[in-house]
Amino acid sequence: VGRKVVVTAGGTREPVDAVRFLGNRSSGKMGRAVAEAAVAHGASVVLVATVPVGAAPCPVVNVETAAEMADAVVAECADADVLVMAAAVADFRPADPADGKIERADRETLTLELVQTVDVLAAAARPGLVRVAFAAEAGPRVARARAKRMAKDVDLLVFNDILAGGIGIGSDENEITIIGTGGERHIPRASKDVCAEAIVRSIEEVLTATGDERGDQG
Ligand code: CTP
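So, a few notes on the structure that sits alongside this text. Please read all numbers here as calculations on a predicted model, not as lab measurements.

Some details on the overall build of the protein
When its secondary structure is counted, the protein shows 5 helices and 12 strands. At 18 Å, the protein has a C-alpha radius of gyration in line with the 17 Å of a compact globule built from 218 residues. Of all 218 residues assigned to the protein, the portion counted as buried reaches 43%. Across the protein, the fraction of contacts at a sequence separation of at least 24, relative to all contacts at a separation of at least 6, is 58%. Roughly 11400 Å² of accessible area belongs to the protein as shown, and the carbon and sulfur atoms make up 50% of that amount.

Quick look at the structure:
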């Protein structure tokens, strides 16, 4: 209650030329569900989204690329308590997008040079900001997800297996494991709303624990 939570949703679009982009299948449903759950728990929420989110229960900042998302997230996190990176951010973008339209004529193949995008989670990091990452892994690779939580030094990492049928990217359901410093919570296949509720409760536990460390009274 009374905390500011920044949530990202959807897949980024990285321009190839004036009309084309590199994207992914993220629907933004998981991020939207987390935003709704956080609002229901009394937080002040800002949703940074790459996809239309309809009648969102909170202010929405629309972005397209990883760089735009980083700018918006860093700005919104200046006075935030929590960042939830539910967005599927491109890891790479075309190095030199064409101003016009790349033409097919006289071309048998097309090679694009890709460079790494800005790491949004890292760019937003600052003392006191609780950060939550997502890891969509190809297979039941929970050990890899645990290592990823440590490497990214995030408070919570939400793991899901993209190869498990009917859940995750684009779907209405998910099956997640919330990995924290103190333990793990597995949510068997359920609606993204149920998963979001579990994520928000885990965030509340982190906020309570860090508040206790600082000697807050609540
Ligand atoms: N993320 C980010 N900035 C990026 C890419 C990803 O903030 N440029 C965030 C995602 O929103 C997600 C988390 O980082 O919350 C983990 O993303 P993932 O792609 O699994 O991490 P990587 O370090 O790219 O790992 P991998 O080697 O598996 O691609």
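Concerning the site of the ligand
Not every one of the 15 residues close to the ligand is listed here, only the nearest: Met-85, Val-118, Arg-144, Lys-148 and Lys-152. Between the ligand and Asp-91 there is a distance of 3.1 Å, counted from an oxygen atom to a side-chain nitrogen or oxygen. Here an oxygen atom of the ligand and a backbone polar atom of Leu-121 are 2.9 Å apart. Elements with a contribution of two residues or more to the shell around the ligand: helix H3 (120–124), strand E9 (130–137) and helix H4 (142–152).

Some points on the pattern of salt bridges
For the structure on display, the rule yields 12 salt bridges. In this structure, the salt-bridge partner of Lys-29 is Asp-172, at a minimum N-O distance of 2.8 Å. Here the residue Lys-29 occupies a position in helix H1 (residues 29–40), and Asp-172 occupies one in the loop between strand E10 (156–161) and strand E11 (173–180), the gap between them amounting to 143 residues. Note on Lys-29: relative accessible area 33%, which makes it partly exposed.

About the thresholds
- All residue numbers refer to positions counted from 1 along the written sequence of the respective chain.
- Only residues with pLDDT of at least 70 are given local features in this predicted model, and only at 80 or more are side-chain atom pairs given and counted; all residues enter the totals for whole chains, interfaces and linings.
- The side-chain quantities take in all heavy atoms of the structure and omit both hydrogens and water.
- The way it works is that DSSP assigns letters per residue, a run of H or I at least four long becomes a helix, a run of E at least two long becomes a strand, and they are numbered from the N terminus.
- Between the two quantities, the radius of gyration covers C-alpha atoms and the globule rule is 2.2 Å times the number of residues to the power 0.38.
- A 1.4 Å probe rolled over the protein chains alone gives each residue an accessible area, and that area as a share of the maximum for its type sets the label: buried under 20%, exposed over 50%, partly exposed in between.
- We call two residues in contact when some of their heavy atoms are within 4.5 Å.
- Only the protein chains shown count as covering a residue, and every accessible area follows the Shrake-Rupley method with a 1.4 Å probe.
- We call a residue near a given molecule or strand whenever any one of its heavy atoms falls within 4 Å of it.
- Here a polar contact is taken to be a pair of N or O atoms separated by no more than 3.5 Å, where protein atoms must pair a possible hydrogen donor with a possible acceptor and residues adjacent in sequence count only if both atoms sit in side chains.
- A pair is scored as a salt bridge if a Lys or Arg side-chain nitrogen falls within 4 Å of a carboxyl oxygen belonging to Asp or Glu.

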